[in-house]
Amino acid sequence: MGKTQKTRKSFILRLVVYAAITGVLVGATIAVFMTAARIVISFVFGAHKAADTPLAVVCLIMLSIMCCFAMAVLQTLCPAAKGSGIPLAEGFARGMLGAKWLSSAAGLAAGSLLAFLGGLPLGSEGPSIGIGGMLGDGIGRLTKRPAPFRRYLITGGASAGLATAFNAPLTGIAFAVEETHRRFSPDILLSALTAVTAAVVTAQAIFYGFGQIA
């Protein structure tokens, strides 16, 4: 076996291992995030339904104002938490953007929950993609992987976040090729496939533990 083949096999093995670790972390994180989002949204719907007095309506309005203020402060401290997580993950995967992965992931999660609490009709899929991508970058940085390798993990993490949020593994894999990089590569496909599989299995186990159906 030539040196090039050995190097290639070693790279593939490392990619699979790190992508699987990324998938497990993303699956667990997004499962908890989705569970928290469902609790918050259920609370808000219940509060609005029960608000049958002027005082209760005023309290809901004040709650929304407080959430908006908190989101403004959060986005000032963490600019990466602004908007959807999809452009953030794509920018990271293509090497066009840079930010602190942990604060970005936490900011996206906190900002989304604040938005839900304030009664804003936002989905959790976009933030899930951004959180997944940031966690992939975090795995790469903590293990001191080079930038090109980290981009594969970012792609895998973002795909895993989407797959977990929608419970749609094939959609997550397609997202890596069609949206994140807009080109086909065996390494991109392998990273996404591994991360998505690990994430979906992990998330389903957690959802089952919470007594939920994803």
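Preceding block: the structure.
Described in the following lines is the structure provided in the data block. (Residues numbered from 1 in each chain as written. Predicted model: local features only at pLDDT ≥ 70, side-chain atom pairs only at ≥ 80, totals over all residues. Heavy atoms only, no water.)

## Some details on a nonpolar patch on the surface
Logical step 1: On the surface, V57, V58, I61, M62 and I65 cluster together to form a nonpolar patch covering roughly 430 Å² of accessible area.
Logical step 2: Inspection of the secondary structure assignment puts V58 in helix α2 (residues 54-77). (Patch = residues over 30% accessible without salt bridge, like charges linked within 9 Å, V, L, I, M, F, W, Y side chains within 5 Å. Areas by Shrake-Rupley, 256 points an atom, 1.4 Å probe, with all protein chains shown as cover. Salt bridge = Lys/Arg side-chain N within 4 Å of Asp/Glu carboxyl O. Helix = DSSP H or I, 4+ residues; strand = E, 2+ residues; numbered from the N terminus.)

## Topic: the pattern of salt bridges
Logical step 1: The full count for this structure, using the stated rule, is 2 salt bridges.
Logical step 2: With its nearest N and O atoms 2.9 Å apart, the salt bridge here joins D137 to R141. Residue D137 and its partner R141 are both found in helix α5 (residues 125-142); the two are separated by 4 residues, about one turn of the helix.
Logical step 3: Residue classification places R141 among the partly exposed residues on the basis of a relative accessible area of 41%.
Logical step 4: R150 is the partner of D137 in a salt bridge, and the nearest nitrogen-oxygen pair spans 3.3 Å. Of this pair, D137 sits in helix α5 while R150 sits in helix α6 (residues 147-166), and the two are 13 residues apart along the sequence.
Logical step 5: Sharing partners across several salt bridges, the network here consists of D137, R141 and R150. (Buried < 20%, exposed > 50% of the residue type's maximum accessible area, 1.4 Å probe, protein only.)

## Some points on the packing of aromatic side chains
Logical step 1: Throughout the structure, instances matching the rule amount to 3 aromatic pairs.
Logical step 2: Between F11 and Y152, the aromatic rings sit 6.1 Å apart at their centres with planes inclined by 70°, giving edge-to-face as the arrangement. Of this pair, F11 sits in helix α1 (residues 3-50) while Y152 sits in helix α6, and the two are 141 residues apart along the sequence. For the residue pair F11 and Y152, the accessibility class agrees, reading buried in each case.
Logical step 3: Here the aromatic rings of Y18 and F149 are separated by 5.6 Å at their centres, their planes lie at 85°, and the arrangement is edge-to-face. In this pair, Y18 sits in helix α1 while F149 sits in helix α6, placing the two residues 131 residues apart along the sequence. (Phe/Tyr/Trp six-rings, centres within 6.5 Å; stacked < 30°, edge-to-face > 60°.)

## Topic: the side chain of D187
Logical step 1: By secondary structure assignment, the location of D187 is in helix α8 (residues 186-209).
Logical step 2: Overall, the relative accessible area of 10% leaves D187 in the buried class.
Logical step 3: Excluding residues within four positions of it along the chain, D187 makes contact with R8, F11, L15 and Y152. (Contact = heavy atoms within 4.5 Å.)

## Describing the packing of α2 against helix α4 (residues 101-117)
Logical step 1: The contact between α2 and α4 brings their axes to 8 Å, and the two run at 165°. Of the possible angle classes, the one that applies to α2 and α4 is roughly antiparallel. Like other packed secondary-structure pairs, α2 and α4 cross with a definite hand, here left-handed. Every residue of α4 that contacts α2 at L63, C67, A70, M71 and L74 is listed here: G107, A110, G111, L114, A115 and L117.
Logical step 2: Residues of the contact of α2 with α4, tallied by class, amount to 9 nonpolar, 2 polar and no charged. (Axes fitted to C-alpha atoms, helices over the stretch in contact; angles between N-to-C directions. Parallel < 35°, antiparallel > 145°, perpendicular 65-115°, else oblique. Left-handed = near helix turned anticlockwise from the far one by under 90°. Nonpolar A, V, L, I, M, F, W, Y, C, P; charged D, E, K, R; others polar.)

## A closer look at unusual backbone geometry
Logical step 1: A positive phi is found at K144, a non-glycine position, where the angle reads about 60°.
Logical step 2: Note that K144 resides in the loop between α5 and α6.
Logical step 3: Look at N167: it is not a glycine, yet its phi comes out positive at around 55°.
Logical step 4: The topology assignment puts N167 in the loop between α6 and α7 (169-181).

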